[in-house]
Amino acid sequence: MSLLKCDFRVVGPIQTNCYFLYREDTKECLIIDPGYEADKIEAYVQKRQLHVAGILLTHGHFDHITAADEVRKKFQTKIYASGKEKELMADPRMNVSVMMGESVSLKADVWLEDGQELEMLGETMRCILTPGHTGGGMCFYFPKACMLFSGDTLFQESVGRTDFPTGSSRELIRSVREKLLVLPEAVRVYPGHGLMTTIRDEQMFNPYAVQ
């Protein structure tokens, strides 16, 4: 039985889901996609007396990374992200932060590869490269906990947009069908925006699930 629990806060102008994945016993915590509002993120961690073990970034768009460096420094932790997202994360035009009048550039501490498995919070986490929304988008799958953090690749009955730099609708649909919807039906999906869903529901109701 998994000891992992998940909570979230909605942050920033694009209403991004920032997730807190934590163990009930040790209070170790992963922060996933700290897009904005570092103060809100810090307050959540401190109120629940969590110990931040790392920051996971599903992709490099500004609304998922803007507060990441501040959170990293505050909790003296590491940022993990797809190695194929290096250029986009570093370039304010590619990560679309210039559209918001900002200039966000970020470098991860650990660059991840497709299929790589890491021990996180005492469980195995699998990295699933899902190009489409961005060229280096990555989902994080915790098999024991039946949890998938899908970023902006897979939403409840929808998928992410593909009209920003490195986006590809063809690759996105392939990623959703061949890499995510083949996971066990019971897996709970925690997307970058909107409501939680399950693989089973997306297999049944997502219009992009079938050809």
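Please refer to the structure placed before this passage.
Residues numbered from 1 in each chain as written. Predicted model: local features only at pLDDT ≥ 70, side-chain atom pairs only at ≥ 80, totals over all residues. Heavy atoms only, no water.

**Side note on the packing of aromatic side chains**
Tallied over the full model, the rule gives seven aromatic pairs. Ring geometry for Y19 against F149: centres 5.4 Å apart, planes inclined by 65 degrees, an arrangement best described as edge-to-face. Of this pair, Y19 sits in strand β2 (residues 16–23) while F149 sits in strand β10 (residues 147–151), and the two are 130 residues apart along the sequence. Given a relative accessible area of 1%, F149 falls into the buried group. Taking 6.1 Å as the distance between ring centres and 85 degrees as the angle between the ring planes, the aromatic pair formed by F142 and F149 counts as edge-to-face. (Phe/Tyr/Trp six-rings, centres within 6.5 Å; stacked < 30°, edge-to-face > 60°. Helix = DSSP H or I, 4+ residues; strand = E, 2+ residues; numbered from the N terminus. Buried < 20%, exposed > 50% of the residue type's maximum accessible area, 1.4 Å probe, protein only.)

**Here we look at the state of the cysteines**
Enumeration over the complete set of coordinates arrives at zero disulfides. The structure places no disulfide on C29, whose sulfur is separated from the nearest cysteine sulfur, that of C18, by 8.7 Å. Its sulfur unpaired, C146 is 14 Å from the next cysteine sulfur, which belongs to C6. (Disulfide = S-S within 2.5 Å.)

**Details of the sheet that holds β10**
Reading across from one edge, β7-β8-β9-β10-β13-β14 is the order of the six strands in this open sheet, with mixed pairing throughout. Two strands close off the open sheet at either side, each with one partner strand: β7 (117–120) and β14 (197–198). One ladder, built from four bridges, connects β7 with strand β8 (residues 123–129); its direction is antiparallel. If you follow E117 over to β8, its bridge partner there is R126. (Pairing = 2+ DSSP bridges.)

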